[in-house]
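# Results of the structural survey
Spelled out, the chains give:
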Amino acid sequence: MKVLVATQKPFASSAVKGIREIVEKAGHELVLLEKYTDQSELVNAVADADALIVRSDKVTAKVVEAAKKLKIVVRAGAGYDNLDLDACTGHGVVAMNTPGQNSNAVAELAVALMIFMARTQFTPATGSEIQGKTLGIQAFGNVGRLVGSKAKALGMKVKAIDPFLPDEKIAEGGAEPAKDLKDLYSTCDYVSVHIPATPQTIGSIGYDLISCMPEGATLVNTARKEVMDEAGLEKALEARPDIKYVTDVAPDNISVLKEKFGTRVFATPKKMGAQTAEANVNAGLAAARQIVDFFQTGNVKFKLN
Ligand code: 3PG
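Residues numbered from 1 in each chain as written. Predicted model: local features only at pLDDT ≥ 70, side-chain atom pairs only at ≥ 80, totals over all residues. Heavy atoms only, no water.

## Some thoughts on the overall build of the protein chain
Selection rule: Going along the chain from the N terminus, every DSSP run of H or I of four or more residues is numbered as a helix, and every run of E of two or more is numbered as a strand. Here the term buried applies to any residue with accessible area under 20% of the maximum for its type, exposed to any over 50%, and partly exposed to those in between, with areas from a 1.4 Å probe on protein chains only. Contacts are residue-level and defined by heavy atoms, with any inter-residue pair within 4.5 Å sufficient. Method for areas: the Shrake-Rupley scheme with a 1.4 Å probe, in which residue coverage is limited to the protein chains shown.
Regarding its fold elements, the protein chain presents 12 helices and 12 strands. By its C-alpha atoms, the protein chain is 60 × 40 × 35 Å across when sized along the principal axes. Buried residues in the protein chain amount to 51% of all 305 residues. Residue pairs at least 24 apart in sequence account for 64% of intrachain contacts in the protein chain once pairs closer than 6 positions are excluded. Split by element, the accessible area of the protein chain, about 13,600 Å² in all, is 54% carbon and sulfur.

Take a look at the structure:
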């Protein structure tokens, strides 16, 4: 079987080496398509692939249609908003993700971004400390829970909300359950966003939530840019000159935000939450193992469609 690894943002070389070992040891062939700049390159490369490993690469209906031999696609990571699941299902392609494998990297970045903003983007201006402050975690999944435990170790109070978890589970995870989203945003000095991009969440964080944050609060987004209502964010930053926004996923209006709000806004140059060698190895190797196992035993654990 031909296994294509298509990554606009390549895995660390240690991860590629590990993926190759797993795939070739099982008797399959590994093909790499890295740093491609045009979707047509993926469409061409996937034509004779039996399996596909991607990161945030867009697996559109066009890609799936072009992949006449494709049996399985694995998103090496958690969020699968880049996969057209209906197209996969329609063409009999099993789609999977590798939940939890890169969570620690994203959680570490969320904490780093909080400190970066608290310390005035590492300028000499007087900053503040995160110890003693309250952190609100929006979605208490793999990443959210890790952010919570790291924040507690740094002396923060932690609150959380998750529509899929009862309060007891949030409390068991070490956080105080927030009553609702408004409660989370209005009582936390920092809010860290860990929701996926779904039809329900897209554009869901806007003026109403952001503008009710306490004096000097910071909103941290290491999730997806799509969950933000960008016009609402801009309006809230305008109305509340004390509020800051830091994100690993630059909004489309980032240049306007930077121009208007200067150092109150920061976006990483390229999405880097999961960009550690460890996360690449964990997620990449898990993807390779899931594919080998699928071909060997038909195991469809982590199937999304
Ligand atoms: C994820 O959903 O797993 C993260 O957003 C990481 O995405 P990436 O692999 O494209 O960096």
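## Here's the deal with the site of the ligand
The condition that has to hold: Residue proximity to a molecule or strand is established when one non-hydrogen atom of the residue lies within 4 Å of it. Pairs of N or O atoms within 3.5 Å make up the polar contacts considered here, provided that, within protein, one atom can donate a hydrogen while the other can accept it, and that residues adjacent in sequence are counted only when both atoms are side-chain atoms. Site definitions follow a grid-based scheme: protein atoms alone, a 1 Å grid, a 1.4 Å probe that fits but cannot get out for cavities, and for pockets an open set with protein on both sides within 12 Å along at least five of seven lines, plus lining residues having an atom within 4 Å of a point. To qualify as sitting in a cavity or pocket, a molecule needs more than half of its atoms within 2 Å of the grid points.
The full set of residues close to the ligand is Lys9, Arg55, Ser56, Arg75, Gly77, Ala78, Gly79, Asn102, Arg224, Lys271 and Ala274. Within the backbone of alanine 78, a nitrogen or oxygen atom sits 2.7 Å from an oxygen atom of the ligand. In the model, an oxygen atom of the ligand is placed 2.8 Å from a nitrogen or oxygen of the arginine 224 side chain. One can see that the ligand is located within the largest pocket.

## Brief notes about the pairing of strand 7 (residues 157-161)
Spelled out, the test is: For the handedness criterion, the strands are oriented away from the viewer, and a crossover whose path from the first strand over the helix to the second runs clockwise is classed as right-handed.
Of all 5 residues in strand 7, 4 are buried, a share of seventy percent or more. Handedness of the crossover joining strand 7 and strand 8 (residues 176-177) through helix 7 (residues 167-172) is recorded here as right-handed.

## Structural notes on the packing of helix 1 (residues 13-25) against helix 12 (residues 277-297)
Selection criterion: In this analysis, axes come from line fits to C-alpha atoms, helices being fitted only over the stretch in contact, and the angle between any two N-to-C directions falls in the range 0 to 180 degrees. Orientation categories follow fixed angle ranges, with anything under 35 degrees roughly parallel, anything over 145 roughly antiparallel, 65 to 115 roughly perpendicular, and all other angles oblique. Take the far helix as your reference; a near helix turned counterclockwise from it by less than a right angle gives a left-handed crossing, and one turned clockwise gives a right-handed crossing. We call Asp, Glu, Lys and Arg charged. Ala, Val, Leu, Ile, Met, Phe, Trp, Tyr, Cys and Pro are nonpolar, and the rest, Gly among them, are polar.
Running from N to C, helix 1 and helix 12 cross one another at 15°; their axes reach a closest spacing of 8 Å. Taken as axis vectors, helix 1 and helix 12 run roughly parallel relative to one another. You can see that helix 1 and helix 12 cross each other, and the crossing is right-handed. In this structure, helix 1 contributes Ser14, Ala15, Gly18, Ile19, Ile22 and Val23 to the contact, and helix 12 contributes Ala277, Asn280, Val281, Gly284, Leu285, Ala288, Arg289 and Val292. Among the residues forming the contact of helix 1 with helix 12, the class breakdown is 9 nonpolar, 4 polar and 1 charged.

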